[in-house]
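Structure at a glance
One-letter residues, chain by chain:
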Amino acid sequence: MQEALAATLDDSLTVDDLVALVLRCGEMGVRVMALLDRANTATYGQPEPTWVELGVREGPAILVSGHDLRDLDELLQQTAGTGVNVYTHGEMLPAHAYPAFRKHPHLVGNYGGSWWRQQDEFERFGGAILLTTNCLVPPRPGYRDRLFTTGPAGWPGVPHIADRQDGAPKDFSPLIARALELGSPQPLEEGRIPIGFAHAAVLSVADQVIEAVKSGAIKRFVVMAGCDGRQKAREYYTDVAKALPRDAVILTAGCAKYRYNKLGLGEIGGIPRVLDAGQCNDSYSLVVVALKLAEALGIEDVNDLPIEYDIAWYEQKAVLVLLALLSLGVKHIRLGPTLPAFVSPNVLKLLVETFDIKPTTTVEQDIAEMTA
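1. Points about the layout of surface pockets
Taken as a whole, the largest pocket encloses approximately 880 Å³ of empty space. Lining the largest pocket are 28 residues, with L18, L21, V22, C25 and L323 positioned closest to its centre. Every element with two or more residues in the lining of the largest pocket is listed here: α1 (2–7), α2 (15–44), α12 (316–327) and α13 (345–355). A per-element tally of the lining of the largest pocket places α2 first, with eleven residues. A breakdown of the residues in the lining of the largest pocket according to their chemical character gives 23 nonpolar, three polar and two charged. Empty space within the second largest pocket amounts to approximately 330 Å³. Every residue lining the second largest pocket is counted, 17 residues in all, and those nearest its centre are L36, N40, Q279, N281 and K317. Taken together, the elements giving at least two residues each to the lining of the second largest pocket come down to α2, α3 (69–79) and α12.

Set out below in structure tokens:
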């Protein structure tokens, strides 16, 4: 970081020098995502393919949103035996795939979808709510009195659970007490969705995947990872998922998946057509799967794999995922639904000429190119 900041003041550096620094940022992204992966899996176990319930149960409830798995772990321990059911929301959905969380019978399901829907979904939920990281939008009066924040999230007038002291767990007792004062959550949807397809799970059935590729049952993989947002243009990703041929498998991570993970797109030989690797940082799993697939198929250049990249960008984490892919030599990535503000005409020209980065266009045109 210091080297990069210093470089911004060094007028002797060329465009190539600065591009090299950007790619080093991508290399750091790969390393950091690998560290996060190791931290999570060493602590909570390797994610396993899991079906997650979308309905609700009778009884007091807490809805947990954000990204912080340690917060969820401590909350589950403190709510054990209290009669309080715990539901995930947004980027907490992947927690259901970890063995350490699945052992808690009161972690009962997922409620709602992406972060930007929280105002409507939090209001309808009716129980207590915990926001653990970013993605908090201005809370409505209808649920502000049952909303709690912790970690970097916060809002004026909303109770905040203090940070850990001397290694002791956070004290979630005010949140639990509030949940016990409230009734059961209101139903939002029914059904269930498959998750837990991080690299260990996918590689455990690598032979099955490779055979499906060689037989032609799977013609291509489409990486549709990244962020979601409220803009109507993001319906593009839902429409792409619906329009992809039945022999295409979607690899996803991050909250972009809420655009298509409840569509019921079916399976190919027992392999779900939406393989959800987890949170934003679990995009590392998609990188591992691609590299291992290339190795297993005897392909030297990762760009020769039957993989297309259709990345949804919104904020810093998705940008880092993009830079991580570029640092690994991945080319021909589509980025949308609109290009980031930092992609000026000169930057876009360089990205197009060096990496064949391209903005998304229409669903019809992009799918025609992906399936050509």
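2. A few points about the packing of α3 against helix α7 (residues 173–181)
Contact pair α3 / α7: the axes reach a minimum separation of 10 Å and the direction vectors enclose 55 degrees. Accordingly, the angle class assigned to the pair α3 and α7 is oblique. Note on packing geometry: the crossing formed by α3 with α7 is right-handed. Counting all contacts with α3, which are made through L75, Q78 and T79, the residues of α7 involved are S173, L175 and I176. Classifying every residue of the contact of α3 with α7 by side-chain character gives three nonpolar, three polar and no charged.

3. Some remarks on the nonpolar core
Among the nonpolar cores identified, the biggest contains 49 residues, and F221 and I333 are the most heavily contacted of them. Of all hydrophobic cores here, the second largest spans 24 residues; its members include L72, V84, L107 and F148.

4. Describing the pairing of strand β5 (residues 128–131)
Of the two faces of β5, the one lined by A128 and L130 and the one lined by I129 and L131 are each fully buried. Of the strand pairs in this sheet, strand β2 (residues 61–65) and β5 are connected by four bridges, and their pairing is parallel. The residue bridging L63 from the neighbouring strand is I129, located in β5. Of the strand pairs in this sheet, β5 and strand β6 (residues 147–150) are connected by three bridges, and their pairing is parallel. Each bridged residue has a counterpart across the sheet, and for L131 the counterpart in β6 is T149.

5. Quick word on unusual backbone geometry
A cis amide bond links G336 to the next residue, P337, at an omega of 5 degrees. Despite not being glycine, H332 shows a phi value in the positive range, around 65 degrees. Along the polypeptide, H332 turns up in the loop between α12 and β15 (333–336). Phi at D356 is positive, roughly 60 degrees, even though this residue is not glycine. Within the element layout of this structure, D356 appears in the loop between α13 and β16 (358–359). Classification of D356 as partly exposed rests on a relative accessible area of 27%.

6. Brief notes about the packing of aromatic side chains
Ring pairs (aromatic) are described by centroid distance and by the angle formed between their planes. Counted according to the given criterion, the structure contains seven aromatic pairs. Ring centres of Y98 and F101 lie 6.1 Å apart, and the angle between their planes is 85 degrees; on these two criteria the pair is classed as edge-to-face. On the basis of relative accessibility, which here comes to 0%, the residue F101 falls in the buried class. Taken together through their ring pairs, the aromatic side chains of Y44, Y98 and F101 make up a single cluster.

Cut-off values and rules
- Residues numbered from 1 in each chain as written.
- Predicted model: local features only at pLDDT ≥ 70, side-chain atom pairs only at ≥ 80, totals over all residues.
- Heavy atoms only, no water.
- 1 Å grid on protein atoms, 1.4 Å probe; cavity = no way out; pocket = protein on both sides within 12 Å on 5 of 7 lines; lining within 4 Å.
- Points joined across faces, edges and corners; volume = space filled by probe spheres on them.
- Helix = DSSP H or I, 4+ residues; strand = E, 2+ residues; numbered from the N terminus.
- Nonpolar A, V, L, I, M, F, W, Y, C, P; charged D, E, K, R; others polar.
- Axes fitted to C-alpha atoms, helices over the stretch in contact; angles between N-to-C directions.
- Parallel < 35°, antiparallel > 145°, perpendicular 65-115°, else oblique.
- Left-handed = near helix turned anticlockwise from the far one by under 90°.
- Contact = heavy atoms within 4.5 Å.
- Core = buried A, V, L, I, M, F, W, Y, C linked by side-chain atoms within 4.5 Å.
- Buried < 20%, exposed > 50% of the residue type's maximum accessible area, 1.4 Å probe, protein only.
- Pairing = 2+ DSSP bridges.
- Phe/Tyr/Trp six-rings, centres within 6.5 Å; stacked < 30°, edge-to-face > 60°.

Nothing here speaks to function; it is all geometry.
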